[in-house]
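Chains, contacts and geometry: an overview
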Amino acid sequence: MIQLGEKCYLIEKFNKKTNYQKGTVLIKFKIFLYYVESLSKNNYQEVLDLRNTVLFNENWTFTKEGASQQVNIPHTWNAVDGQGTASYYRGVCTYEKDFAKPQLSDGAQVYLEFRGANSSATVEVNGKELTTHDGGYSTFRVNVTEVLQDNNHVKVSVDNTPNDRVYPQKADFTFYGGIYRDVYMITVEESHFDLDSYGSKGFMITPKLDGDKADVEFKTYSVGAADKVVVDVDGVGQVELDVKEENGKKIAAGTLTIENVHRWDGVNDPYLYNAKATLYKNGEAVDEVCDRFGCREYRFDTEKGFFLNGKSYPLHGVSRHQDRKDMGNALTKKEHEEDMELILEMGANSIRLAHYQHDQYFYDLCDEKGLVAWAEIPFITVFLPNGVENTISQMKELISQNYNHASIFCWALSNEVTLQGVSDELLDNHKRLNDLAHEMDPTRVTAMANLFLLETDSPMVQLPDIRGYNLYYGWYVGEMEDNDAFFDTFHKEHPDTVIGLTEYGADSVITKQSPKPVKGDYTESYMSVYHEHMLEMFATRPYIWGTYVWNMFEFAAAGRDEAGDPGKNHKGLITFDRKEKKDAFYIYKAWWSEDPFIHLCGRRYHDRIEENTEIKVYSNQKSVTLFVDGKEVGTVNGEHVFKFEVPISGTHTIKAVSGDLADEMEIVKTDEPNPEYFADPLNVKNWFDEEDDDSKFDNGEDYLSINSTMAEIQASPEGAALLQHMMPKSKDKTGMAEGAKIPKAMQDMIARQPLKKLIAQSGAEVSDEQLMQMNAALGKIKKVK
């Protein structure tokens, strides 16, 4: 119940109640923790004398399609069906609860606060509809004072039905329905800090740094007849602000200077100041709010990337969705904390909180732990003409509710929303969002995550302050090396523009293994090779301001059915249940973490058919020694990746050692491949046979074949016509809309690819016989010289 932003006041209250000497710090801290725990369980009102906030999560009656059950919040009705089928329930369900009227002083106001209800929610109290909120990821409140009786009944109708006006509507993740974040009842005096403005606290903090000092600007919004605000900053001092009316709003503003400021410095030193604002009416305190803030500055350099507090600070980032296996998005603090610890263990220093506003508690954790955070609204995939105003309201809520978070460095306008092309209406929507973000917060940059199909000179790309692209070369299209070429070309053609990589990744189902990994095989083995390449690529391009692997965790995507494990996006470095770290997790740890470790890759590739097998080790140490069945076989010096070739003939114990660090696993030589290792049992032969003999498709130097490039085939009218007629229908792995414009750079990349490779990458089901027929038809057509 106790929120992170209220700790400053809790500590102050505790200090007033104890008389321990400064030397007994440890005893005092332990007593304080007990004090906080007892308050959170029993008497929250004692914590906030001027404002009573009560958790409102228990004993709700949930009704879906006429069937009712008792539930506690957080809750989603898609925890099961949203993680395995495209036909998960999307409709209207209700949550109802009886409650007694709280004790109120004259003029006091009562609010219900909902931290997240997806996607739309209508709130009724005692049969009267009070509000409807559109947007499933932000806080909203409703004033229930006027309809309260001695005994009351609240009914919340939550709706995740598909529509054309509330974002998101089309995306590669499940749109869980439910009241999936905490609900609170808040009681305040008649004069109080504003609770009706886009879910904000009514308390904005803006630090402005100047060398060793910071001028911290405070601004509060209130309602009622209060005349003064006093802001206390722990260890610094206080400032009095006069309440004035501006444009119909009660505003108090002022500045407090911090000498020898302690900067918030990312994961190295995420220092936070505690601030408390107290509202006064005729000399009497009537309301108070607490929050935390950090003093930091950042900038982008076109050659050297991101800088934090004047020092180079490359953003080593991950992306995160807010769901988990068998829980959906109805997470508790425990799950948020576990996610944060896993992210920090890997060594990341930044996070993209996609594709919507996340729980306030997780933004608080980012502040506390020092993760530089990207915040965005769910303006994604498709443009909804009827949803324009919804994007505006969701951006207002995102900024209003998260303005004080030191971790947040940007407000992101959208994600891959050009999938169906760029229209004037779409561009205008983005201009409005961009202007709004700058108006509400001139201290942060705006950003977008652009679809890899979007031309680099598109006005959409040029609109926000910083550029970012989602690139999937080496998975959906092209080869891993095409990522290198993209950035090299971009930087050469746009040397004065900052560029980041906002998504990249490859799917892997953790049971799928291969000694000869190839793109599209869904193996843990290919995922590792892919991420090895990407990290090497980043290391030689310091101008990339940030990179965000997609994704830290597997997540639900009910429209997917891939590799025998439906309902998930498998790009996560950790499994959906958080129980298994894929090998690729450790290559990032080898590059990013300073905590010494060693990891043997391929422990799930237990049954091996090859006579000589590769043993690969990831470590952040400089030397690794390998033992097989207790015998030393060699030492490799290097960085990050250490490889050994080992002959195998039976069951073997493999041990990797570096100093005091060690890791061990077992492998077995088998005669037949394990069918569990393949995404498609029909393709078992493809990975352990000898390399394909492309010579069987050779039609001679003067004639076309399926080994010919697309450019060679399309250069011939007969070849182009045959291609149009015979090409199999591929699986849509990119989500690209029909008729979408493909940039010239990508057209050129496709033109360089042999037809046989493109067919394999497309996911189309083509037999060897069909390939031979296609090759024979092409063999009748002469190449254009």
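Residues numbered from 1 in each chain as written. Predicted model: local features only at pLDDT ≥ 70, side-chain atom pairs only at ≥ 80, totals over all residues. Heavy atoms only, no water.

Observations concerning the overall build of the chain
Scanning the chain for helices and strands turns up 17 helices and 43 strands. Here the chain holds 785 residues, and the buried ones make up 57% of them. Within the chain, counting contacts between residues at least 6 apart in sequence, those at least 24 apart form 69% of the total. Total accessible area computed for the chain in this model is approximately 33200 Å², and 46% of it derives from carbon and sulfur atoms. (Helix = DSSP H or I, 4+ residues; strand = E, 2+ residues; numbered from the N terminus. Buried < 20%, exposed > 50% of the residue type's maximum accessible area, 1.4 Å probe, protein only. Contact = heavy atoms within 4.5 Å. Areas by Shrake-Rupley, 256 points an atom, 1.4 Å probe, with all protein chains shown as cover.)

Some thoughts on the sheet that holds strand 10 (residues 151-159)
Strand order in the open sheet made by the six strands is 3-2-4-10-7-8, with antiparallel pairing throughout. Every interior strand has two partners, whereas the edge strands, strand 3 (67-71) and strand 8 (128-134), have only one. For this sheet, the mean angle separating the axes of adjacent strands, direction not counted, is 20°. Judged from the six bridges that link them, strand 7 (residues 120-125) and strand 8 form a sheet pairing that is antiparallel. Paired with Thr122 across the bridge in strand 8 is Thr132. (Pairing = 2+ DSSP bridges. Axes fitted to C-alpha atoms, helices over the stretch in contact; angles between N-to-C directions.)

Description of the nonpolar core
Core analysis: the largest hydrophobic core is formed by 99 residues, its most contacted members being Val318, Ile343, Ile351, Met395, Phe487, Met552 and Tyr588. Those residues in contact with Met552 that lie beyond four places of it in its chain are Val318, Ser319, Leu342, Ile343, Met346, Gly572, Leu573, Ile574 and Phe585. Membership of the second largest hydrophobic core comes to 28 residues, among which are Trp60, Phe114, Val147 and Val156. (Core = buried A, V, L, I, M, F, W, Y, C linked by side-chain atoms within 4.5 Å.)

A closer look at helix 4 (residues 333-346)
An ideal rise of 1.5 Å per residue puts 20 Å on 14 residues; helix 4 measures up with 20 Å between its terminal C-alpha atoms. Buried residues of helix 4: Glu335, His336, Asp339, Met340, Leu342, Ile343 and Met346, and no others. In a view along the axis of helix 4, the buried residues occupy a sector of 160°, so they form one face of it. Taken together, the buried residues of helix 4 touch strand 26 (315-320), strand 27 (350-353), helix 5 (360-369) and helix 11 (583-592). Phi turns positive one or two residues past the end of helix 4, at Gly347, with a value near 100°. (Expected span 1.5 Å × (residues − 1). Arc of directions from axis to C-beta.)

So, the environment of Tyr184
By the element assignment, Tyr184 lies in strand 12 (residues 183-188). Relative accessible area serves as the criterion here: at 2%, Tyr184 is assigned to the buried category. Once the C-alpha coordinates of Tyr184 and Asn52 are considered, the two residues, 132 residues apart in sequence, prove to be 10.0 Å apart. Among the polar contacts listed, one links the side chain of Tyr184 to the side chain of Asp182, at a separation of 3.4 Å. (Polar contact = N/O pair within 3.5 Å; in protein donor to acceptor, adjacent residues only side chain to side chain.)

A short note on the sheet that holds strand 26
Read around the barrel, eight strands follow the order 26-27-28-29-30-31-32-33 and close on themselves; strand pairing throughout is parallel. Ignoring which end each strand starts from, the neighbouring axes of this sheet average 25° apart. The pairing of strand 32 (residues 499-503) with strand 33 (residues 544-549) spans two bridges and is parallel. Pairing of Leu501 across the sheet is with Thr547, part of strand 33. Together, strand 29 (408-415) and strand 30 (445-451) form the strand contacts of helix 7 (residues 424-440), whose direction differs from that of strand 29 by roughly 165°.

Brief notes about the environment of Glu672
Take Glu672: it is sitting in the loop between strand 43 (661-669) and helix 12 (684-688). Sequence spacing of Glu672 and Ile609 is 63 residues, and the spatial spacing of their C-alpha atoms is 6.3 Å.

Some details on the packing of aromatic side chains
In this structure the tally under the stated criterion is 39 aromatic pairs. Ring geometry for Phe300 against Phe306: centres 5.3 Å apart, planes inclined by 70°, an arrangement best described as edge-to-face. Residue Phe300 is classed as buried on the basis of its relative accessible area, which comes to 18%. For the ring pair Phe486 and Phe487, a centre distance of 5.4 Å and an interplane angle of 90° mean the geometry is edge-to-face. Across the pair, Phe487 and Phe486 agree in class, each one buried. Put simply, the rings of Tyr298, Phe300, Phe306, Trp374, Phe409, Trp545 and Tyr548 touch in pairs and so form one group of aromatic residues. Against the face of Phe307 rests Arg299, its NZ or CZ located 4.0 Å from the ring centre. (Phe/Tyr/Trp six-rings, centres within 6.5 Å; stacked < 30°, edge-to-face > 60°. Lys NZ or Arg CZ within 6 Å of the ring centre and 35° of its normal.)

Overview of the side chain of Asp359
Checked against the element boundaries, Asp359 lands in the loop between strand 27 and helix 5. Residue classification places Asp359 among the buried residues on the basis of a relative accessible area of 13%. Every residue in contact with Asp359, bar those within four places of it in the chain, is listed here: Arg181, Gln322 and His336.

Details of the confidence of the model for the chain
Per-chain confidence: the chain averages 89 in pLDDT, with 88% of residues scoring 70 or above. pLDDT under 50 marks residues 1-48. Its contacts with residues more than four places away, or in other chains, come to 68 contacts. Scored below 50 in pLDDT, residues 681-692 makes 17 contacts in the model with residues more than four places away or belonging to other chains. (pLDDT = per-residue confidence, 0-100.)

As for the pattern of salt bridges
Within this structure, the stated rule accounts for 37 salt bridges. Note that Glu345 and Lys581 form a salt bridge whose closest N and O atoms lie 2.8 Å from each other. Placement of Glu345 in helix 4 and of Lys581 in the loop between strand 35 (568-569) and helix 11 is noted, with a sequence separation of 236 residues between them. With a relative accessible area of 22%, Lys581 lands in the partly exposed category. Lys568 is the salt-bridge partner of Asp565, the closest N and O atoms lying 2.9 Å from each other. Looking at Asp565, the relative accessible area reads 21%, which means it is partly exposed. Each of Arg320, Arg324, Lys334, Glu338, Asp339 and Arg578 takes part in a single network of salt bridges with overlapping partners. (Salt bridge = Lys/Arg side-chain N within 4 Å of Asp/Glu carboxyl O.)

Here's the deal with unusual backbone geometry
In this structure, Pro168 follows Tyr167 across a cis peptide bond, with omega equal to 0°. Take Pro168: it is sitting in the loop between strand 10 and strand 11 (178-179). Residues Ala354 and His355 are joined by a peptide bond in cis, for which omega reads -20°. If you trace the backbone, His355 turns up in the loop between strand 27 and helix 5. Positive phi values are uncommon outside glycine, yet Ala563 reaches one of about 55°.

What about the pairing of strand 18 (residues 249-258)?
Bridge count between strand 15 (residues 213-223) and strand 18: nine bridges; the pairing is antiparallel. Of the residues in strand 18, the one forming a bridge with Lys219 is Ala253. Bridge count for strand 17 (residues 237-246) against strand 18 is four bridges, and the pairing is antiparallel. Within strand 18, the position partnered with Glu246 by the bridge is Lys249. Here strand 17 folds back onto strand 18, and the loop between the two strands holds two residues, one of which, Asn247, carries a positive phi near 50°.

As for the packing of helix 4 against helix 5
Where helix 4 meets helix 5, the axes come as close as 10 Å, and the angle between the chain directions of the two elements is 35°. As helix 4 runs across helix 5, the sense of the crossing is right-handed. Only Tyr361, Phe362, Leu365, Cys366 and Lys369 of helix 5 make contact with helix 4, whose side of the interface consists of Lys333, His336, Glu337, Asp339, Met340, Glu341, Ile343 and Leu344. Split into classes, the residues belonging to the contact of helix 4 with helix 5 amount to seven nonpolar, one polar and five charged. (Left-handed = near helix turned anticlockwise from the far one by under 90°. Nonpolar A, V, L, I, M, F, W, Y, C, P; charged D, E, K, R; others polar.)

Concerning helix 7
The terminal C-alpha atoms of helix 7, which comprises 17 residues, lie 24 Å apart, in line with the 24 Å expected from a rise of 1.5 Å per residue. On its buried face, helix 7 is in contact with helix 6 (388-402), strand 29, strand 30 and helix 8 (459-462).

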